[in-house]
Amino acid sequence: MSDILYHMIADGPTPVAPFSHATEVNGFVFLTGQMPTDPGNDQAPLPDGIEAQTRRVMDNLILILGGLDLGLSDVLQCRIYLTEFERDYAAMNRTYLEYFEAGRLPARTTIGVTGLAVGALVEIDMVARRP
């Protein structure tokens, strides 16, 4: 078994808690759940609405994947956390689908939660694998 690698991506979003952007072992890469924060200005207001927040979260995850020479095609699994599950589930799904090739969707779980860091509406984490 390989040693665990701990990754912080230089252009990635500023962490909102003590964590690595990703950890990696034996070709599997575990991306920490991302918030809809602006990676260039962590003090900027969050985007308005679930669609805009979902896009920002996915774009932040793409930044981290790119910093590891990976892409969305390498993603095996996603977990999505929503603070307003009933209200936002359908709109989040429409936005999420824009990011993946048809017929090549990762396994996924979506969970309703009572709150997320920085007052976010959505958080997404991922598991990827090196080709």
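Peer 1: What exactly am I supposed to notice about the pattern of salt bridges here?
Peer 2: If charged atoms from side chains of opposite charge come close, those side chains can pair. Applying the stated criterion to the full structure yields 4 salt bridges. Its salt-bridge partner being Glu24, residue Arg130 comes within 2.6 Å of it at the nearest N-O pair. Remark: Glu24 occurs in strand β2 (residues 22-25) and Arg130 occurs in the segment after β6 (122-129); sequence separation between them is 106 residues. Given a relative accessible area of 28%, Arg130 falls into the partly exposed group. Residue Asp88 is joined to Arg87 by a salt bridge in which the shortest nitrogen-to-oxygen separation is 2.8 Å. Using a relative accessible area of 4% as the deciding quantity, one classes Asp88 as buried. Owing to a relative accessible area of 53%, Arg87 belongs among the exposed residues under this scheme.

Peer 1: Even after reading the chapter, I still don't get unusual backbone geometry, so can you show me in this structure?
Peer 2: Excluding glycine, a negative phi dihedral is what most residues carry, and trans is how most peptide bonds are arranged. Of note, Asn26 is a non-glycine position whose phi angle comes to about 50°, a positive value. Mapping Asn26 onto the fold places it in the loop between β2 and β3 (28-34). One non-glycine residue with positive phi stands out, namely Val118, at about 55°. Counting through the fold element by element, Val118 comes out in the loop between β5 (107-112) and β6. The exposure class assigned to Val118 is partly exposed, which follows from its relative accessible area of 44%.

Conventions we followed
- Residues numbered from 1 in each chain as written.
- Predicted model: local features only at pLDDT ≥ 70, side-chain atom pairs only at ≥ 80, totals over all residues.
- Heavy atoms only, no water.
- Salt bridge = Lys/Arg side-chain N within 4 Å of Asp/Glu carboxyl O.
- Helix = DSSP H or I, 4+ residues; strand = E, 2+ residues; numbered from the N terminus.
- Buried < 20%, exposed > 50% of the residue type's maximum accessible area, 1.4 Å probe, protein only.

By themselves, these are just geometric observations and shouldn't be taken as functional.
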